[in-house]
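The lines below spell out each chain.
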Amino acid sequence: MADEAQTEAGSLSSRVIELRKGRGLTLEQLAAASGVSRSMLSQIERGKANPTLAVTLRIAQAFDMNIGDLVDQPWTASRIEVVRGNDTNQLFRDDRDCRIRTLSPLHMEKNVEFYEIRLAPGARLKSAAHFEGTRELLTVTQGQARVIAGENRCELNPGDSAHYHADLEHIIENDGEEELVSFLVVTYQ
């Protein structure tokens, strides 16, 4: 798996260099166009960083393309894409309170994202408002959750789902005594 991740990072690295140089852009110009720091772009080009979906999208948009076109991997032609459970490149966050694993393929268009979220007892995931029109759908498979979106709140048990506005501050809390395991779908309009 480590070799596969290095190959993918190397492919993205090569692709960003190819596109940037092909368009006659400096790292500074690409940083300004994408909103991604020059140092992060340099790390990506050297294969030393694994960018998040958001960073990858900003780079793709700077080149007027979608993530799939930027990544341009042979596996994008396959009709089955697999995200492996043990692929650490898919971890968005992993600490004692919270683990967020991206379940969406990294090259997927940015109008939907899919995550597995695990929260320790008493932990909470607080998010600032996303872009206008953003919605989240949270489904609990284990434990108990409290969702707070603006002034609204609800309690969820295993099997329950909540759909809420994420274009305002929102919080997912583990309201129980066991680990909360949930799945989150984020949609953008």
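Each chain carries its own residue numbering, running from 1 in the direction its sequence is written. Two thresholds apply to this predicted model, a pLDDT of at least 70 for residue-level local features and 80 or more for giving and counting side-chain atom pairs, whereas whole-chain, interface and lining totals are computed over all residues. No hydrogens and no water enter the side-chain calculation; it runs on all heavy atoms of the structure.

The protein is annotated in an unreviewed UniProt entry as Helix-turn-helix transcriptional regulator from Billgrantia zhangzhouensis.

A. Local environment of the overall build of the protein. Segments assigned H or I by DSSP are reported as helices when at least four residues long, segments assigned E as strands when at least two residues long, and all are numbered from the N terminus. Along the protein, the regular secondary structure elements total five helices and ten strands. Across the 189 residues in the protein, those meeting the buried criterion constitute 42%. Taken as a whole, the protein presents about 10500 Å² of accessible surface, with 47% of it coming from carbon and sulfur. Burial classes follow relative accessibility: with a 1.4 Å probe on protein chains only, a residue under 20% of its type's maximum area counts as buried, one over 50% as exposed, and anything between as partly exposed. A 1.4 Å probe and the Shrake-Rupley method give the accessible areas. Residues count as covered only by the protein chains that appear here.

B. Up close: the sheet that holds strand β4 (residues 124-127). The four strands are arranged β4-β9-β6-β7 in an open sheet whose pairing can be described as antiparallel. In this open sheet, the two strands that pair with only one neighbour each are β4 and β7 (152-156). Shown here is a sheet whose adjacent strand axes are inclined to one another by a mean of 10°, direction ignored. Relative to strand β9 (residues 170-174), strand β6 (residues 145-149) is paired through five bridges, and the arrangement is antiparallel. Pairing of Arg-146 across the sheet is with Glu-173, part of β9. Here, a strand pair is defined by DSSP locating no fewer than two bridges between the strands. Note on geometry: axes are lines fitted to C-alpha atoms, helical ones only across the stretch in contact, with angles between N-to-C directions running from 0 to 180 degrees.

C. The sheet that holds strand β1 (residues 91-94), seen in detail. Taken together, six strands build an open sheet; the order of strands is β1-β2-β3-β10-β5-β8 and the sheet is antiparallel. Edge positions in the sheet fall to β1 and β8 (161-165), since each has one partner strand and no second. Strand-to-strand twist of the sheet, defined as the mean angle between neighbouring strand axes without regard to direction, takes the value 20°. Two elements, strand β5 (residues 135-142) and strand β10 (residues 180-187), share seven bridges in a ladder whose sense is antiparallel. Following the sheet pairing, Glu-136 is matched in β10 by Val-186.

D. Region of interest: the pattern of salt bridges. Salt bridges are defined as contacts in which a side-chain nitrogen from Lys or Arg sits within 4 Å of a carboxyl oxygen from Asp or Glu. One pass over the full model with this rule turns up 15 salt bridges. Among the ionic pairs, Asp-175 bridges to Arg-146, the shortest N-O distance being 3.1 Å. One end of the pair, Asp-175, is in the loop between β9 and β10; the other, Arg-146, is in strand β6, with 29 residues separating them in the sequence. Residues participating in the shared-partner salt-bridge network are Arg-124, Arg-146, Glu-155, Glu-173 and Asp-175.

E. Structural detail: the environment of Ser-104. Summarising the element assignment, Ser-104 is placed in the loop between β2 (98-102) and β3 (112-119). Here, residues are in contact when the closest pair of their heavy atoms is within 4.5 Å. Leave out the neighbours within four places in its chain, and Ser-104 touches Val-83, Gln-90, Val-112, Glu-113 and Phe-114. Whenever a nitrogen or oxygen atom comes within 3.5 Å of another N or O atom, the pair is scored as a polar contact, on the condition that within protein one atom can donate a hydrogen and the other can accept it, and that pairs from neighbouring residues in sequence are kept only if both atoms are in side chains. Among the polar contacts listed, one links the side chain of Ser-104 to the backbone nitrogen of Phe-114, at a separation of 2.6 Å.

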